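Okay, here's what each chain looks like letter by letter:
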Amino acid sequence: MNATTSARRATWLTPYVIAVFAFIYLPIVVLVGYSFNRDGVGGFPPRHFTLHWYGLLFADGAIWDAVLNSLVVAAGSVALALTLGLLAALALDRADFPGKALFRRLVLLPLILPGIITGLSLLMFAVFAGAPLSLVTVFLGHGTALISVATTELFAGLQKMDRAQEEASLDLGATPWQTFWRVTLPNLKLPLIAAGLLIFTLSMDEIAVTFFLIGRDNTLPMEIWGRLRQGMTPEINAVSTLIFVVSVVLISVWYRLRMRSLRNAN
Amino acid sequence: MYSRAYKSLVSLPPLLWVGIFLLLPYALMLVHSFWLVRDGFIVHQWNLGNYAALFTRTVYLQVLLRTMRIAASVTLCSLLLGYPLAYYVSFYSGVRKEILYQLVIVPLWVSYLVRGYAWKTILGSDGVLNGFLRYAHITHAPVGFLLYSPFAVVLMLTHIYTPFVFLPIYAALESIPRPLLEASQDLGATPSQTFLRVVLPLSMPGLLAGATFAFVLSLGDFLAPLLVGGPSGTMIANVVQSLFGAAYDWPLGAAVAMCILVITLTLLSLTETLEKRWSFK
């Protein structure tokens, strides 16, 4: 493609693309901007810069309880989803068993189906099993739904792995157990960290499944959800801004790791 | 090279877990849809009444049709925003490619709830947009129809799914061998002919995948209508939610949920088939 045509075509495309970016970033800019606005979440232009809402936020016990709950649920979900996801990925990569195709699809269902279906199914299961709704049910729900993410990421990692290393380890007299800990697992280090970060972020943000499994103690998104019903204050903007910043940091770490593991594979 | 013990050790725990915590719950949903509620209790009596109700009570069909319309609008809008974006980043961004790609991806990781809330503060009658319109002397009274309407739901979901649609389209565009474009041009095709007959068909699998994402994810959404939709923006998943909540008719709710599930899975397998066909060409 020569320079003149690409330049010509880009001239009408460029303003359009700028407009699309503006649309994508508008809510984020508004959200962050109004978290510093003394006069509340509406109106234009925002006047009177203040840190008052952040001050209010840091003194808000209920929010920090919810943050703590979310952190505990997310950490548990990472542990559960990574353990089962690793085993599932190993099974899909190396074992043959009846119903393998079905299993592969079933694991991915929570990723494909609307959250409400997975959430309600798990609610029915909790009622069926006689388990009271609490953070434990939320943790089991998140952990189970996110096995899909762990399996996908780790299966991709296994496919790229050089099996000759494992063969060599076994030939040289290591037990399968030693081979797993000393060869397989270290080879999967980057995908494991990447999947862990992704699962952590997704669990921290999750609301569609949580909605149906929550007991008395709130996770952070459910706490915010509850407050939205009472009216909107810039305190919600402030907490959302903080969530945004933390998500972006975690995701850029995840992205770097992913890029590095791709480069290592090539 | 892996022993039998190794294979069963890695397969059994996830099989059992997924069987108990996923297969069983989904099966419970299916089973409930064939039961009924009598005097406020769920009775385990097999019947097709819930499914009959779905097709005879017009209110469900109406909401389902509205949901389809909203999902289709979201799909169309996300494609109209996402495709040119992917096209630009893939073909014209030059050295800024990596940074532009990142800029599209970042909002994907902003909490869904946070973005919904942001739109609420923008569209409300005391919101930022109304404030701006008054400030600029375009309107004098607040414009009320922005929030709590199907329009607001389409806007919010389009905002959320545009990056989702961008990803597979971008991947498809990136995999087009660039010499093909030169060949097309050397053989005398105009830029728009090259686009329509080379680029567009080759990016079709990505476009289909993106469109399916947007449609399927919008179809089952119940939070956007609650946040910004109002009564006129109620969608099918809200019906499920209220049947499981206040209305306490789990069997009927399960039947509606199965309906969403069947539509979702049908669409996904349809796309899979279509994608295969397009990739062959």
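Residues numbered from 1 in each chain as written. Chains lettered and ligands numbered in written order. Predicted model: local features only at pLDDT ≥ 70, side-chain atom pairs only at ≥ 80, totals over all residues.

1. Examining the overall build of chain A
Counting its regular elements, chain A contains 13 helices and zero strands. Secondary structure elements in chain A, listed N-terminal to C-terminal, are α-α-α-α-α-α-α-α-α-α-α-α-α. Taking 266 residues into account, the globule formula puts the C-alpha radius of gyration at 18 Å, and chain A, at 23 Å, lies well above it. Summarising its shape, the C-alpha atoms of chain A cover approximately 70 × 70 × 30 Å along the three principal directions. Buried positions account for 44% of the 266 residues belonging to chain A. If you take every contact in chain A between residues at least 6 apart in sequence, the share linking residues at least 24 apart comes to 79%. (Helix = DSSP H or I, 4+ residues; strand = E, 2+ residues; numbered from the N terminus. Rg over C-alpha atoms; globule rule 2.2 N^0.38 Å. Buried ≥ 20, exposed ≤ 12 C-beta atoms within 10 Å, placed from the backbone. Contact = placed C-beta atoms within 7 Å.)

2. With respect to the overall build of chain B
When its secondary structure is counted, chain B shows 12 helices and two strands. Put simply, chain B runs from its N terminus to its C terminus through helices and strands in the order α-β-β-α-α-α-α-α-α-α-α-α-α-α. Its C-alpha atoms give chain B principal-axis dimensions of roughly 75 × 75 × 35 Å. Out of the 281 residues belonging to chain B, those deemed buried represent 46%.

3. Things to note about the packing of helix H8 (residues 163-171) of chain A against helix H9 (residues 176-187) of chain A
Residue and element names in this part refer to chain A. Axis separation between H8 and H9 bottoms out at 10 Å; the angle between their running directions is 140°. Compared by their axis directions, H8 and H9 come out oblique. Pair H8 / H9 crosses with right-handed handedness. On the side of H8, the interface is formed by Gln165, Glu166, Ser169 and Leu170, while H9 contributes Pro176, Thr179, Arg182, Val183 and Thr184. Split by residue class, the contact of H8 with H9 holds three nonpolar, four polar and two charged. (Axes fitted to C-alpha atoms, helices over the stretch in contact; angles between N-to-C directions. Parallel < 35°, antiparallel > 145°, perpendicular 65-115°, else oblique. Left-handed = near helix turned anticlockwise from the far one by under 90°. Nonpolar A, V, L, I, M, F, W, Y, C, P; charged D, E, K, R; others polar.)

4. Remarks on the environment of B:Gly206
Residues and elements named next belong to chain B. Mapped onto the secondary structure, Gly206 falls in helix H9 (residues 191-219). Each C-alpha atom of the pair Gly206 and Tyr83 lies 9.7 Å from the other, and the pair is 123 residues apart in sequence. Setting aside chain neighbours within four positions, we find Gly206 in contact with Pro168, Ile169, Ala171, Ala172 and Leu173.

5. Some words on the interface of chain A and chain B
Each side of the interface is counted separately: chain A has 66 residues, and chain B has 69 residues. Each residue belonging to the side of chain A that touches chain B can be placed in one class, and the counts come to 53 nonpolar, nine polar and four charged.

6. Here we look at the confidence of the model for chain B
Residues and elements named next belong to chain B. Taken residue by residue, chain B gives an average pLDDT of 90. The fraction at 70 or more is 99%. The weakest mean pLDDT in chain B belongs to helix H6 (residues 128-135) at 84; the strongest belongs to helix H3 (residues 58-91) at 95. Interface confidence for the predicted complex, given as ipTM, is 0.90, next to a pTM of 0.90. (pLDDT = per-residue confidence, 0-100.)

7. Focus on the confidence of the model for chain A
Residues at a pLDDT of 70 or more form 95% of chain A, whose mean pLDDT is 89. Overall, residues 1-5 of chain A carries pLDDT values under 50, and its contacts beyond four positions in sequence, including any with other chains, amount to five contacts.

8. Thoughts on unusual backbone geometry
All names here are of chain B. Although it is not a glycine, Asp39 adopts a positive phi angle of roughly 50°. Locating Asp39 in the fold gives a position in the loop between strand S1 (36-38) and strand S2 (41-43). Taking the number of C-beta atoms within 10 Å as the measure of exposure, Asp39 has 5 and is therefore exposed.

9. Some words on the packing of helix H3 (residues 61-94) of chain A against helix H6 (residues 135-145) of chain A
Residues and elements named next belong to chain A. Contact geometry of H3 with H6 gives a least axis separation of 8 Å together with a crossing angle of 40°. On the basis of the axis angle, H3 is oblique to H6. The way H3 lies across H6 gives a crossing that is right-handed. Residues Asn69, Val72, Val73, Gly76, Ser77, Leu80 and Ala81 of H3 form the contact with H6, whose own contacting residues are Leu135, Val138, Phe139, His142 and Gly143. Tallied by class, the residues present in the contact of H3 with H6 amount to seven nonpolar, five polar and no charged.

10. Focus on helix H5 (residues 112-123) of chain B
All names here are of chain B. Taking 1.5 Å per residue, 12 residues should reach 16 Å; H5 reaches 17 Å between its end C-alpha atoms and fits that length. Among the 12 residues of H5, 11 are classified as buried, and the element is accordingly described as predominantly covered. Of the residues making up H5, those classed as buried are Leu113, Val114, Arg115, Gly116, Tyr117, Ala118, Trp119, Lys120, Thr121, Ile122 and Leu123. (Expected span 1.5 Å × (residues − 1).)

11. Some points on the environment of A:Ser35
All names here are of chain A. Take Ser35: it is sitting in the loop between helix H1 (3-34) and helix H2 (52-58). You can call Ser35 buried: it has 24 C-beta atoms within 10 Å. The spatial distance from the C-alpha of Ser35 to the C-alpha of Leu51 is 8.1 Å, given a sequence separation of 16 residues. Discounting residues that sit within four places of it in the chain, Ser35 has contacts with Trp53, Pro234, Asn237, Ala238 and Thr241.

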